[in-house]
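Survey of secondary and tertiary structure
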Amino acid sequence: MGRPKKESNIFYELKNNKYYFKIKWFNNHCKDLKKLSDAYANVGYSIANQLICKYKKNCMDYTLKEDIIYYTFSGIYSFQLSIELLLKAIIAKFKGKNSLFQNIQKNRHNIYNLFLYVKSNLNILDDKCIYLEKYLENMCSIDSQCTLFRYPDIYKYSKLNKNIDVYKTFKNLLKCYNVLEKIFNKEDFNDMDEDNFLYFNKKNCINGIYLDFYGIEYRIMEFSYGYYQTAKMLFSNIDNTFDNFDFTKSFPIIFFMRNAIELIHKNIILQHNQRVNNKKELKNHNNKDLLKTIQKFLKEYFNYADFNNPDTKLKTYLKEINALEKFDKNSYTFRYPFSKNLDYKLNNINLDLKNIFDILEEIFEFLVGINEGMANLISQEKEANMMENTIY
């Protein structure tokens, strides 16, 4: 499939010749899964390397703490996704298309169950992968569908409530990926030597990030800024390498930006829900649906937020969100090469990475303003209520 039906969608516009790239899959499920797996593993490795090298250079540099907060979530998730994609590539390579389809439908993002299928069907002996199996089991006992580092989960955090040792956690993620890559290549491999997914240390340790629950709105924004900062860093790193650009490098950048936008949408809704004592969970990944929720109450807070007669800034935002959901409806297009039904959505198509990044950044910055404005308004309301209670 090439470009979708002819329609006016700003994400398909080609404006910056320097940043054109072509999405061209092999149309081979195994090869395409492995290709995207490598792209996300490289992102995880580059983030880990950046944090660890900076830590070793100056462990008392407290600006590192901000980097850890920004990059740890996206780095760990990148490795988790790369491992999931690699396991599915192994299934496609050795068991074929039907087995891949069945595993995607049944096991979805459960890395441990995917591994058990691989181990059983490739006749990998128990004593060859004792620690690897325990490691993946431990990962899924903490994070069964690889969501913990995509967006904050109050329940899971309240159970962990510990300080993650970033160095050891990244080191073991890389080891796991390397072992699975040897299985993919039918090479002899050595088992992992540790079986913990997350390593914990003292709360005040500089190379750690504390998974406590400060207030979910704080944590959501931490995640959102983290994914945004990672995307920005990745985009700036590939700025001068477009002559030999592999299109899969664009996928983490676009997904991270989209995830940052989804999270900030949810934080805006969450702030409103807390104000009106609405405890409804936000599990929808569709930004257009999130927008519909926002439309119901946003004009209550901001005079300019008139959805019937929107001003220029709001009109641009509405257009961009509608275009984004046609481009990537449920945050799946840039995490996987094809749909759950094994159909390719984007293939043999030219895109402009700078155009896409600029649009997503414009949406993000608009929502940051909305989010801050709402937080200020709610704070003013609380102060007014306190004053009223004091008077009476």
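As shown above, the structure is provided for reference.
Conventions and cut-offs
- Residues numbered from 1 in each chain as written.
- Predicted model: local features only at pLDDT ≥ 70, side-chain atom pairs only at ≥ 80, totals over all residues.
- Heavy atoms only, no water.
- Axes fitted to C-alpha atoms, helices over the stretch in contact; angles between N-to-C directions.
- Helix = DSSP H or I, 4+ residues; strand = E, 2+ residues; numbered from the N terminus.
- Parallel < 35°, antiparallel > 145°, perpendicular 65-115°, else oblique.
- Left-handed = near helix turned anticlockwise from the far one by under 90°.
- Contact = heavy atoms within 4.5 Å.
- Nonpolar A, V, L, I, M, F, W, Y, C, P; charged D, E, K, R; others polar.
- Phe/Tyr/Trp six-rings, centres within 6.5 Å; stacked < 30°, edge-to-face > 60°.
- Lys NZ or Arg CZ within 6 Å of the ring centre and 35° of its normal.
- Core = buried A, V, L, I, M, F, W, Y, C linked by side-chain atoms within 4.5 Å.
- Buried < 20%, exposed > 50% of the residue type's maximum accessible area, 1.4 Å probe, protein only.
- Pairing = 2+ DSSP bridges.

As for the packing of helix α5 (residues 130-142) against helix α7 (residues 166-184)
- Running from amino to carboxyl end, α5 crosses α7 at an angle of 125°, the nearest separation of the two axes being 11 Å. As summarised for this structure, α5 and α7 are arranged oblique, according to the angle between their axes. Here α5 and α7 pass one another in a crossing that is left-handed. Residues Leu 132, Tyr 135, Leu 136 and Met 139 of α5 touch α7, and the partners they reach there are Asn 172, Leu 173, Cys 176, Val 179, Leu 180 and Ile 183.
- Counted by class, the contact of α5 with α7 contains nine nonpolar, one polar and no charged residues.

Focus: the packing of helix α4 (residues 111-121) against α5
- The contact between α4 and α5 brings their axes to 8 Å, and the two run at 150°. When the axes of α4 and α5 are compared, the pair comes out roughly antiparallel. Between α4 and α5, the contacting residues are Ile 111, Tyr 112, Phe 115, Leu 116 and Lys 119 on the first element and Leu 132, Glu 133, Leu 136, Glu 137, Met 139 and Cys 140 on the second.
- Within the contact of α4 with α5, the residues separate by chemical class into eight nonpolar, no polar and three charged.

Points about the packing of aromatic side chains
- A full pass over the atoms with the stated rule returns 24 aromatic pairs.
- Following the ring pairs from residue to residue traces out a cluster consisting of Phe 11, Tyr 12, Trp 25, Phe 247, Phe 251, Phe 327 and Phe 334.
- Of note, Lys 31 hangs over the ring of Phe 26, and the distance from its end group to the ring centre comes to 5.6 Å.
- In this structure, Lys 128 is placed above the aromatic ring of Phe 189, and the distance from its NZ or CZ to the ring centre is 4.6 Å.

Focus on the nonpolar core
- Membership of the largest hydrophobic core comes to 123 residues, with the highest contact counts inside it found for Ile 83, Leu 132, Leu 136 and Tyr 317.
- Ranked by the residues each element gives to this core, the list is headed by helix α2 (residues 63-95), at 16 residues.
- Contacts of Tyr 317, omitting those with residues within four sequence positions, involve His 265, Leu 291, Ile 294, Ile 363, Phe 366 and Leu 367.

Overview of the pairing of strand β1 (residues 20-23)
- Alternating positions in β1 separate cleanly, Phe 21 and Ile 23 being buried on one face and Tyr 20 and Lys 22 remaining unburied on the opposite face.
- Alignment of β1 against strand β5 (residues 349-352), held across four bridges, turns out to be antiparallel. Residue pairing in the sheet places Phe 21 in a bridge with Leu 351 of β5.

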